[in-house]
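Results of the structural survey
Spelled out from the first residue to the last, the chains are:
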Amino acid sequence: MTQILSVVSECAPLIKTGGLADVAGALPGALAEHGDHMSVLLPGYRAIMGKLGKTKVVDTFRDLFGGKARLLACNAYGLDLLIVDAPHLYDRDGGIYGDAAGQDWHDNPERFAALCYVAALIAKDGAGGWIPDVVHGHDWQAGLTPEYLAAQGVKTPFVFTIHNIAFHGNTGGERLGSLRLDPARFNADQFEFWGHISALKAGLAGADRITTVSQTYARELLTPEFGIGMDGILRARQSDLSGIVNGIDEAVWNPATDPNITTYKAPSGKAANKRALQKTFGLGKSDGPLCVLISRLTEQKGIDLLIQALPALLGNGGQLALLGSGAPDLEVALLEAAANHPNMAVKIGYDEPLSHQMIAGGDAILVPSRFEPCGLTQLYGLRYGTLPLVSLTGGLADTVINASPAALSAGVATGVQFHPITAQALSDALTTLCALYAQPDTWKKMQRNAMKHAVGWDTSAAKYHAIYAELTP
Ligand code: ADP
Ligand code: GLC
């Protein structure tokens, strides 16, 4: 049994902006099946402090990066949590990474350095008598952990998981002092990146093992196109890098028990959900597939490509219901497109129950990302018999079986993939999707395949378990 401290900036169901939270929230339960125990170290954001129930103070700090702080332990939502209660860093309005206007908090480097610093202290001295055998950090917010472990002289192994390499957590070299980093290590082999302090690079350089969230993304990261500046260090550390695909929480995402929908066990049970969804989005009946998309609206997600490719869907009798929020220009472009098409509707915002209703009621789910380390919504789609149409990249390449002539005749297809990642290829894929939908037997067969496809945590949790075990002989 390995004791693991997970160091992460979000964790479902407490606080979530994307798939990272789902993974952080699901891993402890999945690992418990393999006999491991994981506690999760989280910043004490204002938004979570009221959700913790009974807490116990297990440590206090006179000066944690500019103010007094406490370390709280509790169990909430079945998770063993350690919370860094540091009001000067986390008790504020707005988002967890930035203010209400979307501007990053100016002190993000210190906010997440504090998390890493506390992680190192827990590795050294324990928390309420509990001491981890392994520290497992996620993304740049946990990247400085090995620096502080080294500074404390602690040898606890560190596993670092890349969920998205696009965020480097860079800050100017003048912050070495305020981040309590060792100037002697501010060099290209450690955490210096083109004159900046890079929290991500610190994590990559200092990790005993590096993982990312799909095998294809692990390969893509070694190329300049996807590695965006970190490909060199990743190539140097290739023997320590592996891809472990994410699972989904099969209790939360289960069409047979989902409290947000009209439950079903077979694809035919989707009809009632489709009608309800059309009503919710103000869409009429149509002959083509009802496509859904649930996403952060950013460059990564290929939303602009979809806007260009819309005629291939809407011109073939298809429909689109979209839920998301993010870049203001994308929000405006989507709302404009919806205003011009009776078969397209857009809701701007974040809505968990609606996302379940969309996955249940849609015929297909679209994920046209330019890059996608893993992606979770295509996995929900598979489980709910809502066929994924995805770009051929990262985890989308690894989790969907394209409806090629060979896959169709072998009876194994679960969705549609397109490549290159262009508006033209996406248009062609949407045309293919509409053609498949017009063949009910083929479509039903694909739905049955999709619903049988393994999307749980079992295999992947076993791989993390094996990594921890190797590091703690
Ligand atoms: P990423 O982490 O890059 O945003 P993922 O596909 O891994 O992409 O995870 C996104 C998660 O956030 C999924 O659980 C998805 O359902 C959820 N999500 C994204 N946008 C919204 C939204 N507007 N409303 C509800 N859930 C959303
Ligand atoms: C990131 C990636 C996404 C992945 C998620 C969880 O946000 O963009 O592809 O599924 O992390 O690992």
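The rules we used
- Residues numbered from 1 in each chain as written.
- Chains lettered and ligands numbered in written order.
- Predicted model: local features only at pLDDT ≥ 70, side-chain atom pairs only at ≥ 80, totals over all residues.
- Heavy atoms only, no water.
- Pairing = 2+ DSSP bridges.
- Helix = DSSP H or I, 4+ residues; strand = E, 2+ residues; numbered from the N terminus.
- Axes fitted to C-alpha atoms, helices over the stretch in contact; angles between N-to-C directions.
- Contact = heavy atoms within 4.5 Å.
- Buried < 20%, exposed > 50% of the residue type's maximum accessible area, 1.4 Å probe, protein only.
- Polar contact = N/O pair within 3.5 Å; in protein donor to acceptor, adjacent residues only side chain to side chain.
- Near = heavy atom within 4 Å.
- Areas by Shrake-Rupley, 256 points an atom, 1.4 Å probe, with all protein chains shown as cover.
- Nonpolar A, V, L, I, M, F, W, Y, C, P; charged D, E, K, R; others polar.

Overall, parallel pairing links the 6 strands, which are arranged β15-β14-β13-β16-β17-β18 in an open sheet. This sheet does not close on itself; its edge strands, each paired only once, are β15 (344–348) and β18 (416–418). Shown here is a sheet whose adjacent strand axes are inclined to one another by a mean of 15°, direction ignored. Summarising the sheet, strand β13 (residues 290–297) and strand β16 (residues 364–367) pair through 2 bridges and their orientation is parallel. Its bridge partner lying in β16, cysteine 291 is registered against alanine 364. Lying on the sheet, helix α11 (residues 303–314) is in contact with β13, β14 (319–326), β15 and β16; it crosses β14 at an angle near 170°. Each of β13, β16, β17 (387–391) and β18 is contacted by helix α17 (residues 423–437), which is oriented at about 165° to β18, the strand it contacts most.

Our next topic: helix α13 (residues 352–361). For α13, the tally of buried residues reaches 7 of 10 residues, placing the bulk of the element in the interior. Among all positions of α13, only Leu354, Ser355, His356, Met358, Ile359, Ala360 and Gly361 are buried. Of the surrounding secondary structure, the elements contacted by the buried residues of α13 are α10 (270–280), β13, β14, β15, β16 and α14 (377–383). Its side-chain oxygen placed 3.1 Å from the backbone nitrogen of leucine 354, aspartate 351 serves as the N-cap of α13.

As a structural note, the neighbourhood of ligand 2 is formed by Gly19, Leu20, Val23, His163, Asn164, Val213, Asn246, Gln300, Glu372, Pro373, Cys374 and Gly375. Here an oxygen atom of ligand 2 sits 2.8 Å away from a polar atom, N or O, in the side chain of asparagine 246. Protein chains shield 93% of the accessible area of ligand 2, which is 310 Å² for the free molecule. Across the shell around ligand 2, the residue classes tally to 5 nonpolar, 6 polar and 1 charged.

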